[in-house]
Amino acid sequence: MRFTVYAFFGFALGVLLVGLRELLFGFEENRCSMTYMFEYPEYRRVPLPRRVARQYPSYGLYLYGEGAYALETKGLKLTGAPVLFLPGNAGSYKQARSLGSVALRKAEDLEGPIHMNVFTIDFNEELVALYGGSLRRQTHFLHESIKAILRLYKDQPDPPTSVVLVGHSMGGIVARALFTLPRFNPQLVSLIITQASPHQAPVLSLDPYLLEFYSSVSKRWATGAEEFRNVTVLSVGGGYRDYQVRSGLTALSCPIDDLNKKSLVVTAVPRTWVSTDHLSIVWCKELVLATVRSFFDLIEPETGQFTENPQKRMSVLNYHFIRHPVQRPGERQQAPVTFSAPPEAWKEVNTLRLFYSAPKEAQAKYFMFALSSRRKAYSHFHCRSNNLEMSSWLYGCTHISGSSCVQAVDLSSGTELIPAYKAITVKISALSHVSHLIIDASNLNGEQFVVECELQREESFTVSVHLPHVLSFGLTVSDISINSSGLLHTLQLQDFHQVYQAFRITVMSHCKSTKDRLPSVYRLKVPWFREDSFTTASIPSVSEIYGMLHTSRPDNKSSAVLQLHTAPNCQYKVSIRTSVPKVLGQILRFCGPTLPVYTAIALLLMIRAQISSLKRSGHPVGMQEAMSKSLHLHTLELPVLLLILLLRQSWFRDVWSSLGLPLVDTLPVYPIEDLSQDSNPLAQEWPRLVSPLLCVLGAVIAFWGSTVLRVFVRFLSFVLAPLHRPSVSRDCGTFRFRTQILLMVSLSALGGVTCGALALMVSTFLHLYRVLRLQMTERSLSHVLNLAPQKASQNSENGFNGGDCHSKNKECNGTPLLSESLLEDVRDDLELHLSLSTLLTLPMMLSAPSLIHWNRNLRYWVHLDPDPCWPHTLPLLISTILLVNCNTQRLIRSRLMLNLMVRLLLPLCVGMLAFCPLHIYRVTHFLSAALTLLVCSCYF
């Protein structure tokens, strides 16, 4: 039986480790270029009003500078455009050096009056992603900092009226929270760029203040949508390398018609095309360059300050972050375009495809495709070039003379930049006023490049592919062979629109000749979110692409698309199969933060199994055996599923809301705004299918966590044994009643005066000391009983008769007689308290962020305000102290309370499963209720 239990939990641990490996390491290597400082960076502190400095002693405002620029700004007489960087969770104000240094180098290259002043805020590296009590303080300090920055420019002829904010991680949330302040003027901030900021929901909801802060920000931006339409917000996610904040959380929740709010993943940013982890998104040179370029394009030359025109702001951001077309922001398309090239520069293409390699000599060259005879047969025209210089190159001829085009319209605005080349696809049916398509292949600068163009039929380059089911476990393969006679092929990946899906896509290319061929580019395109990813492959090659999604599309109206930019006259074979490790990684990426809830449920069920065994046989089973016996998933999932189904009935929902009961938490598999939609009945059933797997993974953590704690206790008891006198009593490590009262009062005062997490940690260690003493007693009793036969034989040789030595209350040769029943009692107590100690470790770990925050600010204040652990953990604190004196004998005596406790623990576990996945801090409340029941069973 024990071997079976260890084999099952060993296998489940392997599954968990595979998923963790894919989550933490299963991505491409970091391809970001590092940003370097050419001179020593300096951070000059900006003085704040005394009231602000006294109210926020742990915060600070700084101006970034280097070399000569740092000397020029020593007196804080500034003339540039202000940009303010906001660090995130545990972030340093010095992270602004990448943005500031690149901006300084860019201004030096321009050799003009246009430049930026980069400010940064020191938030004392607070853990605001885990402790939400200081988020409101940071928001108020940000407001004061913006006013202080603008005061620095009051003597300038054209002073700025607003500040551009760049927020990393939680800094982006604080930036948006500015608009929730009652006295904040929205005109002080016109542009916000956030990097890896979890706008949808917090990654871990460890305290209610964090959720309240998110709720106030969401409501303010939802109710003030019209008021904030002129505020431009761009949110950039890091991609799969960022396992701390998944990119789905970085999507902004805003109306569809609000064009000033954009969300995207950094892998889709032109000229960037890399995934960044949570920290490298700040210093990734490719992304920093795109940010700085957009800032300089936003500065008005006349004033030297950022533009107040929202249309221009969005046009510039679209150019640098979304599409990067030929036409630069602010440029007007010349219509019509006239040509003056000689007749020998023109050539008509009579074939369906054009391949042209420009020579080294400078020359003018134009190719013409006649459309008159091809409109019905062909639907699209596709063209690409490896010349990365973005300039007009495709025209539609409206007036032709002989073999030359005299007048034309520019069609290059649809050009997009992809790795290795630029490409454009136009729809022929939309060009009814055009007689010919003109390709400008002139190399006036003598630069070599390749141009490839072709006429296409939509039905020939679009293929629909049915993907294997997620439960096929990689055994089913979908194969597609493409005899590429074209440049572009599109694979419609049917039913690929859920985040739990993950596929390994293998693309094999083979060509008879590889001379003068551009590399192949494979693009995984997601229609409902800008999370495109690119893979560049040489020819021939075997490339592996992992198809995964950052966001789901629950309405099933569209699916992901795989675009293959192929080489002509080559063979391509695409194989698609489900990747089980990637599926596990996706489940942990989206639902991993809920594992503490499932671990707490598993531990409570383990204690319930031990109490049931104690009631039935008088002895609790071991932790491992109890864990295996308590893993009945149907007893947890069926009540929750029934509650979800009942809540869909309007009458039950009305009764439920009238009682003030919370809504059922759904696992974060879909975007937050989609969970409330009633149009999709499967939106909440699918998470219930993932929940049993998470129950098993939570049980794995509880099982091996309790095993590790047992080993740790045994080792520590060896170390501490010389410091304690040997004891053979089951009451070792307990407290007198007066001591218990004193401890409860002292710890309550400690928690109220300092930090509740500190008092909780002390009480947990006091209970752990009880476990250590029980472990020492168990070892002492085992040692004495092992020596008992030897002493008995020595006594018989010396003429002693052991007939009077069978009673516990008698002594033989002055040594107390011990029985095996006492050893069994101590072992029973040890099993029970080991389980309780494992359970108490969980709320202590969940409250650790507030303890760390209190410790970092101890020099500023002694009392943590607000304190998410006080007074909510007071019942847990008192129960922990009272449970130190609890033993199995006391529990057996309390039959009535013991029966009640066994019956109520299961509903408590169901309640945790229903109401804690999105509110992890509620776990402490449920554990307090469970331990209170155990205390009642022990003392009443």
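Rules used throughout
- Residues numbered from 1 in each chain as written.
- Predicted model: local features only at pLDDT ≥ 70, side-chain atom pairs only at ≥ 80, totals over all residues.
- Heavy atoms only, no water.
- Pairing = 2+ DSSP bridges.
- Helix = DSSP H or I, 4+ residues; strand = E, 2+ residues; numbered from the N terminus.
- Axes fitted to C-alpha atoms, helices over the stretch in contact; angles between N-to-C directions.
- Buried < 20%, exposed > 50% of the residue type's maximum accessible area, 1.4 Å probe, protein only.
- Disulfide = S-S within 2.5 Å.
- Contact = heavy atoms within 4.5 Å.
- Expected span 1.5 Å × (residues − 1).
- Salt bridge = Lys/Arg side-chain N within 4 Å of Asp/Glu carboxyl O.
- Core = buried A, V, L, I, M, F, W, Y, C linked by side-chain atoms within 4.5 Å.
- Parallel < 35°, antiparallel > 145°, perpendicular 65-115°, else oblique.
- Nonpolar A, V, L, I, M, F, W, Y, C, P; charged D, E, K, R; others polar.
- Phe/Tyr/Trp six-rings, centres within 6.5 Å; stacked < 30°, edge-to-face > 60°.
- Left-handed = near helix turned anticlockwise from the far one by under 90°.

Asker: Just to check I follow, could you spell out the sheet that holds strand β11 (residues 353-357) for this structure?
Answerer: Strand pairing in a sheet relies on backbone hydrogen bonds, with the paired strands running either antiparallel or parallel. Spatial ordering of the open sheet is given by β11-β19-β13-β17-β16, a layout of 5 strands whose pairing is antiparallel. Both edges of this open sheet fall to β11 and β16 (416-418), since each of them pairs with a single strand only. On average, each strand axis in the sheet is inclined to that of its neighbour by 15 degrees, with strand direction left out of account.

Asker: Which parts of the structure should I look at to understand the pairing of strand β19 (residues 450-456)?
Answerer: Here is the key point about a regular strand: its side chains alternate between the two faces of the sheet. Burial within β19 is extensive, with 7 of its 7 residues counted as buried. Alignment of strand β13 (residues 380-385) against β19, held across 6 bridges, turns out to be antiparallel. Its bridge partner lying in β19, His 380 is registered against Gln 456.

Asker: Is there a simple way to think about the state of the cysteines in this case?
Answerer: In a disulfide, the sulfur atoms of two cysteines are held together by a covalent bond. Evaluated as defined, the whole model comprises 4 disulfides. Disulfide pairing places Cys 397 opposite Cys 405 at an S-S distance of 2.2 Å. Taking the sign of the S-S torsion, 110 degrees for the link of Cys 397 and Cys 405, the bridge is right-handed. Take Cys 397 and Cys 405: they sit in the same class, and that class is buried.

Asker: What is the right way to look at the environment of Lys 262 in this model?
Answerer: Topologically, Lys 262 is positioned in strand β8 (residues 261-265). Measuring from C-alpha to C-alpha, the distance between Lys 262 and Asp 865 comes to 36 Å, with 603 residues separating the pair along the chain. Contacts of Lys 262, omitting those with residues within four sequence positions, involve Val 233, Leu 234, Ser 235, Leu 252, Met 314, Asn 318, Ile 322 and Arg 530.

Asker: Would you mind going over helix α25 (residues 922-939) with me for this structure?
Answerer: Each α-helix turn comprises 3.6 residues. Residues three or four places apart therefore point the same way. Its 18 residues give α25 an end-to-end C-alpha distance of 26 Å, which sits within 8% of 26 Å, the value for a rise of 1.5 Å per residue. In terms of residue burial, α25 counts as a mostly covered element, since 13 of its 18 residues are buried.

Asker: So what exactly am I meant to see when it comes to the pattern of salt bridges here?
Answerer: Working definition: two side chains of opposite charge can pair if their charged atoms are close together. Per the stated rule, a full pass over the model turns up 24 salt bridges. The residue Glu 39 makes a salt bridge to Arg 105 at a minimum N-O spacing of 3.6 Å. With Glu 39 in the loop between α1 (2-25) and β1 (41-45) and Arg 105 in helix α4 (residues 97-110), the pair connects residues that are 66 residues apart, well separated along the chain. Among the residues examined, Glu 39 registers a relative accessible area of 36% and is labelled partly exposed. Of the charged contacts in the structure, one is a salt bridge between Glu 108 and Arg 105, with a shortest N-O distance of 3.1 Å. Of this pair, Glu 108 and Arg 105 both sit in helix α4, 3 residues apart, which is roughly one turn of the helix. In this structure Arg 105 comes out as buried when scored by relative accessible area, which is 15%. Salt bridges sharing common partners tie together Glu 39, Glu 66, Arg 105 and Glu 108.

Asker: In this structure, what is going on with the nonpolar core? I would like to understand it.
Answerer: Buried together is how nonpolar side chains tend to be arranged in soluble globular proteins. Membership of the largest hydrophobic core comes to 140 residues, with the highest contact counts inside it found for Leu 493, Ile 576, Ile 611, Leu 694, Leu 891, Met 912 and Val 923. Top contributing element to this core by residue count: helix α13 (residues 595-617), with 14 residues. Formed by 48 residues, the second largest nonpolar core is a distinct cluster that contains Leu 84, Phe 119, Ile 121 and Leu 210.

Asker: Hey, could you run me through the packing of helix α15 (residues 634-647) against helix α16 (residues 650-658) in this one?
Answerer: Two elements in contact, α15 and α16, have axes separated by 7 Å at closest approach and are oriented at 105 degrees. Considering the angle they form, α15 stands roughly perpendicular to α16. Every residue of α16 that contacts α15 at Leu 643, Leu 646 and Leu 647 is listed here: Phe 652, Arg 653 and Trp 656. The residue makeup of the contact of α15 with α16, split by class, is 5 nonpolar, no polar and 1 charged.

Asker: Before we go on, may I ask you to explain the packing of aromatic side chains in this structure?
Answerer: For any pair of aromatic rings, the description consists of the separation of the ring centres together with the inter-plane angle of the planes. Counted according to the given criterion, the structure contains 30 aromatic pairs. Considering the side-chain rings of Tyr 62 and Tyr 93, the 4.4 Å spacing of their centres and the 15 degrees angle between planes classify their relative orientation as stacked. Of the two residues, Tyr 62 is situated in strand β2 (residues 60-66) and Tyr 93 in the loop between β3 (81-86) and α4; the sequence distance between them amounts to 31 residues. Of the two residues, Tyr 62 and Tyr 93, neither departs from the other in class, the shared state being buried.

Asker: Before we go on, may I ask you to explain unusual backbone geometry in this structure?
Answerer: A negative phi holds for most residues other than glycine; trans holds for most peptide bonds. Note that the residue after Ile 539, namely Pro 540, is joined by a cis bond; omega there is -5 degrees. Inspection of the secondary structure puts Pro 540 in the loop between β25 (533-537) and β26 (541-547). In the segment running from Trp 870 into Pro 871, the intervening peptide bond is cis, with an omega of 5 degrees. For Pro 871, the position within the fold is in the loop between α21 (848-856) and α22 (874-883). With a phi angle near 55 degrees, Ser 169 is a residue other than glycine that sits in the positive phi range. Looking at where Ser 169 falls in the secondary structure, it is placed in the loop between β5 (164-168) and α6 (170-177). Judged by its relative accessible area of 3%, Ser 169 is buried. Even without being a glycine, Ala 196 presents a positive backbone phi close to 55 degrees.

Asker: Explain the packing of α13 against helix α24 (residues 895-915) here, please?
Answerer: How two helices sit against one another is set out by the angle between their axes and by the gap between those axes. The contact between α13 and α24 brings their axes to 10 Å, and the two run at 160 degrees. It follows that α13 is roughly antiparallel to α24 by the angle criterion. Two packed elements cross with a definite hand, and for α13 against α24 that hand is left-handed. Along its contact with α13, which presents Val 597, Tyr 598, Ala 600, Ile 601, Leu 604, Leu 605, Arg 608, Ile 611, Ser 612 and Lys 615, the element α24 presents Arg 895, Leu 898, Asn 899, Met 901, Val 902, Leu 905, Leu 906, Cys 909, Met 912 and Leu 913. Taken together, the residues of the contact of α13 with α24 sort by class into 15 nonpolar, 2 polar and 3 charged.

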